[in-house]
Amino acid sequence: MLATVATFLFGVLLAFTIDRTRQRLAAVHDFIRRGDANLLTIHQLVEVFPEDRDEIRALIDAQMIAQIDYRLAEFSQSTPTFLALSTRVIALEPRTSQQETAYYHLLQQTNDMSMSRALMEAAVGQSLSRLEWTSLLLLLTTMVTIMITLPRGSIGAAVCAGVLSGTLVALMTLLRKLDRLLWHERASIWEPQARLFRNLG
């Protein structure tokens, strides 16, 4: 009876938390891609400002380096470089009609990037609480203890219990990586950003 209740509670809670953390990670990826698109657009639009172009592009490089240097959970550490970039873009003084049009779109891109960053920082802060982790770990400990103590005299049952216990621990490890935004971080986040940085350079 205890094993059935523990299995049911653990399964429901684990499935719910994995789904929630995967949705959170997908949202973070989306915000990062939007920010990259904003940076690329700004890089292109400042072409019509020859006197300010190099300075702003240097600030874009600094922004990308800051984002690459920190993990997703430390995303707020790149805020100073973003503020420097956005302040410099806003300070542009268009003199021609072409620059006026570009300046309007630059302000839009800067505003979009600011909104994406705010949503990104909010998503990053929505990690699992201590209570959620404690509940999961208590249920995991209960289930593993039950599986270890139940098999008696059967090698097959003992092996099965060991495999199930290992699977549960692996799932908890997966959840930990999802919660800390480390799942596929290199392939999904940093490698695309590094390629964009090289292309802009």
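Conventions and cut-offs
- Residues numbered from 1 in each chain as written.
- Predicted model: local features only at pLDDT ≥ 70, side-chain atom pairs only at ≥ 80, totals over all residues.
- Heavy atoms only, no water.
- Helix = DSSP H or I, 4+ residues; strand = E, 2+ residues; numbered from the N terminus.
- Rg over C-alpha atoms; globule rule 2.2 N^0.38 Å.
- Buried < 20%, exposed > 50% of the residue type's maximum accessible area, 1.4 Å probe, protein only.
- Salt bridge = Lys/Arg side-chain N within 4 Å of Asp/Glu carboxyl O.
- Axes fitted to C-alpha atoms, helices over the stretch in contact; angles between N-to-C directions.
- Parallel < 35°, antiparallel > 145°, perpendicular 65-115°, else oblique.
- Left-handed = near helix turned anticlockwise from the far one by under 90°.
- Contact = heavy atoms within 4.5 Å.

Chemist: Could you give me a rundown of the overall build of the chain, with the residues and numbers involved?
Modeler: In terms of regular secondary structure, the chain is built from seven helices and zero strands. Start at the N end of the chain and walk to the C end: the helices and strands fall as α-α-α-α-α-α-α. A compact globule built from 201 residues would reach a C-alpha radius of gyration of about 17 Å, whereas the chain, at 24 Å, exceeds it by more than 25%. C-alpha extents for the chain along the principal axes are approximately 85 × 30 × 20 Å. A total of 201 residues make up the chain; the buried ones form 36% of that total.

Chemist: Tell me about the pattern of salt bridges, and please be specific about residues and values.
Modeler: The final tally for this structure, using the stated rule, is 10 salt bridges. Close ionic contact of E47 with R57 constitutes a salt bridge, the shortest N to O distance being 2.8 Å. Of this pair, E47 sits in the loop between α1 (2-45) and α2 (53-69) while R57 sits in helix α2, and the two are 10 residues apart along the sequence. The partner of D52 in a salt bridge is R88, with the nearest N and O atoms 2.4 Å apart.

Chemist: Tell me about the packing of α2 against helix α3 (residues 79-90), and name the residues and values.
Modeler: The N-to-C vectors of α2 and α3 enclose an angle of 160°; their axes lie 9 Å apart at closest approach. By the angle between their directions, the pair α2 and α3 is classed as roughly antiparallel. The two elements α2 and α3 meet at a crossing, and its hand is left-handed. Residues E55, I56, L59, I60, A62, Q63 and A66 of α2 touch α3, and the partners they reach there are T81, F82, A84, L85, R88 and V89.

Chemist: Account for the side chain of T110, naming residues and giving values.
Modeler: Assignment of secondary structure puts T110 in helix α4 (residues 97-124). Not counting residues within four places of it along the chain, the set of residues in contact with T110 comprises I42, F82, S86 and V89.

Chemist: Requested: an account of the environment of D179, with residues and values cited.
Modeler: Structurally, D179 is set in helix α6 (residues 155-179). For D179, a relative accessible area of 5% corresponds to the buried category. Along the primary structure D179 and S127 are separated by 52 residues, whereas in three dimensions their C-alpha atoms are 5.8 Å apart.

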